Amino acid sequence: MALLFPKKRNKMATTVERIGVVENKVENLNEKLDELKVNVREMHDCLDNTRDGLTAKLEEMQAISCAQHEALAQEISYIKSQRDKLVWTFAGIVAAGGFFAGHADKILKILGG
């Protein structure tokens with residue numbers, strides 16, 4: 001009967017086998033951890049490059065913006081000075097016209113003889 005029904009053995013792994021499995025799992029985890037470290041390092045380098053590129057672009061944009069503001073400030077200053085000249089010229093013409101209108105009779109006497 002022993003041949004027909006062999007005795008079932010307890011298939012529980014020995015301590016040495018179990019330690020070997022755990023060591024294998026630890027080694028696999030170490031490899032995955034090394035891969036993660038490499039990936040993190042690559043991502044960090046990528047972020048550094050992105051930061052440097054953005055900083056350079058922002059500095060360039062700021063320089064362009066400052067130049068545009070300076071040009072606009074000069075143009076506004078020129079327009080204001082032209083406006084002031086025009087206002088004072090018009091005020092002078094009005095004052096002269098008022099003077100001539102108020103003294104037209106005397107001016108015509110002098111010119112008419």
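None of these values were measured; they are calculated from a predicted model.

Under the criterion given, the structure shown has 4 salt bridges. The salt bridge partner of R51 is D48, with a shortest N-O separation of 3.2 Å. With R51 and D48 both in helix α1 (residues 15-102) and 3 residues apart, the pair spans about one turn of that helix. For D48, a relative accessible area of 22% corresponds to the partly exposed category. Here E60 ties to K57 by a salt bridge, and the two come within 4.0 Å at their closest N and O atoms. With E60 and K57 both in helix α1, this residue pair falls 3 residues apart, about one helical turn. What emerges from the salt-bridge pattern is a single network uniting D48, R51 and D52.

All right, on to the packing of aromatic side chains then. Going through the model one piece at a time under the given rule, you end up with 1 aromatic pair. Each ring, one from F99 and one from F100, has its centre 5.8 Å from the other, and the planes form 70°; the classification is edge-to-face. The class for F100 is partly exposed, based on a relative accessible area of 47%.

Any two packed helices are characterised by the angle at which their axes cross and by the distance between the axes. Where α1 contacts helix α2 (residues 104-112), the two axes come as close as 5 Å, and the packing angle between them is 75°. With respect to each other, α1 and α2 are oriented roughly perpendicular. On the side of α1, the interface is formed by F100, A101 and G102, while α2 contributes A104, D105 and I107. Here the contact of α1 with α2 is composed, by residue class, of 4 nonpolar, 1 polar and 1 charged.

Turning our attention to a negative patch on the surface. Residues E27, E31, D34 and E35 make up a contiguous surface patch of negative charge. Tracing the sequence through the fold places E27 in helix α1.

Rules used throughout
Residues numbered from 1 in each chain as written. Predicted model: local features only at pLDDT ≥ 70, side-chain atom pairs only at ≥ 80, totals over all residues. Heavy atoms only, no water. Salt bridge = Lys/Arg side-chain N within 4 Å of Asp/Glu carboxyl O. Helix = DSSP H or I, 4+ residues; strand = E, 2+ residues; numbered from the N terminus. Buried < 20%, exposed > 50% of the residue type's maximum accessible area, 1.4 Å probe, protein only. Phe/Tyr/Trp six-rings, centres within 6.5 Å; stacked < 30°, edge-to-face > 60°. Axes fitted to C-alpha atoms, helices over the stretch in contact; angles between N-to-C directions. Parallel < 35°, antiparallel > 145°, perpendicular 65-115°, else oblique. Contact = heavy atoms within 4.5 Å. Nonpolar A, V, L, I, M, F, W, Y, C, P; charged D, E, K, R; others polar. Patch = residues over 30% accessible without salt bridge, like charges linked within 9 Å, V, L, I, M, F, W, Y side chains within 5 Å. Areas by Shrake-Rupley, 256 points an atom, 1.4 Å probe, with all protein chains shown as cover. Lys, Arg positive; Asp, Glu negative; His and termini not counted. Charge placed at Lys NZ, Arg CZ, Asp CG, Glu CD.

Structural measurements only, silent on function.
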